[in-house]
Amino acid sequence: MFLVVIYGLVLALPLLYLVQRRALSQSPQSPPVDSPPEEKKSLKTIMQPPRDDLDPPKDDPFTLDELKQFDGSDNSKPIYVSIKGTIFDVTRKSDVYGPGKSYNIFAGKDGSKGLGMSSLKPEDAVPDYSDLPENEKNVLNDWFLFFQKRYNIIGRVTDMPTSVSNLANL
Ligand code: HEM
């Protein structure tokens, strides 16, 4: 009996090794090839994927004051987030931009500076990002691209601070 068990093990172990090696070599190890390079790094891999069903961008004018009513506090209205004066409709993500949610700080306003600084402080969520250092301006541009691939553009802010209104969008 003992010999039969030993014999069985001698036969089974190499087989098990081969099966395991095959399973490992077939498991998906790399990110999907179609995702753009900037999507492959850091936290963004766990974020929502880009969409292919976006509407053509609209160019409706809004003042910063008009934008305030679209902060999610009135749920009969859409939720808007402006980045560098371009306004995105983020209503379908009210789970993060709605009242009391993590990113509500960016709703109903242009909080470009805070996005660039990776800050959720209310005092940083302001439209004037002109004094950000180069690396934080790049972070801000990455967010712009992130939103551009995921949300419909519904308009633009007409009264951005003069320090940034003359800067090119990207
Ligand atoms: C502990 C730190 C943080 C963690 C663990 C975290 C985690 C996440 C996760 C998991 C998402 C994806 C949410 C979703 O798609 O539903 C997300 C999205 C996002 N995060 Fe953070 N985050 C952190 C800090 C910050 C900070 C400091 C900022 C300030 C700029 C920020 C801004 C954003 C924005 C704008 C989105 C995009 C939401 C969207 O439109 O899909 N996060 N974060």
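In case you missed it, the structure is sitting above this.
Here we summarise the structure given alongside this text. What you are looking at is a predicted structure, and each value in this text was computed from that prediction instead of being measured. Within each chain, residues carry numbers counting from 1 in the order of the written sequence. Side-chain atom pairs in this predicted model are given and counted only at pLDDT of 80 or more, local residue features only at pLDDT of at least 70, and totals for whole chains, interfaces and linings cover all residues. Side-chain descriptors were evaluated using all non-hydrogen atoms of the structure, hydrogens and water having been removed beforehand.

1. Re helix 5 (residues 134-148)
Line of reasoning, step 1. Secondary structure elements are taken from DSSP: a helix is a run of H or I of four residues or more, a strand is a run of E of two residues or more, and numbering for both begins at the N terminus. Working rule for helices: expected span equals 1.5 Å times residues minus one. Relative to the 21 Å expected for 15 residues at 1.5 Å per residue, helix 5 spans 21 Å between its end C-alpha atoms, a close match to the ideal helical length.
Line of reasoning, step 2. Burial in helix 5 covers these residues: Leu140, Asn141, Phe144, Phe146 and Phe147. For every residue, the accessible area (1.4 Å probe, protein chains only) is compared with the maximum for its type, and the residue is labelled buried under 20%, exposed over 50%, or partly exposed between those bounds.

2. Let's talk about the pattern of salt bridges
Line of reasoning, step 1. Any carboxyl oxygen of Asp or Glu within 4 Å of a side-chain nitrogen of Lys or Arg constitutes a salt bridge here. As enumerated under the stated definition, the model contains five salt bridges in all.
Line of reasoning, step 2. A salt bridge links Arg51 to Asp53; the nearest nitrogen and oxygen atoms lie 3.0 Å apart.
Line of reasoning, step 3. The class for Asp53 is partly exposed, based on a relative accessible area of 46%.

3. Points about the coordination of the iron atom of the ligand
Line of reasoning, step 1. Coordinating N, O and S atoms are those within 2.8 Å of the metal (3.2 Å for Na, K and Ca), and as water is not part of the atoms, a site may appear to have fewer donors than expected. What the protein offers the iron atom of the ligand as a donor is a single atom, Tyr103 (OH), at 1.9 Å.
Line of reasoning, step 2. Relative to the helices and strands, Tyr103 is located in the loop between helix 3 (94-97) and strand 4 (109-110).

The values are spatial; any link to function lies outside them.
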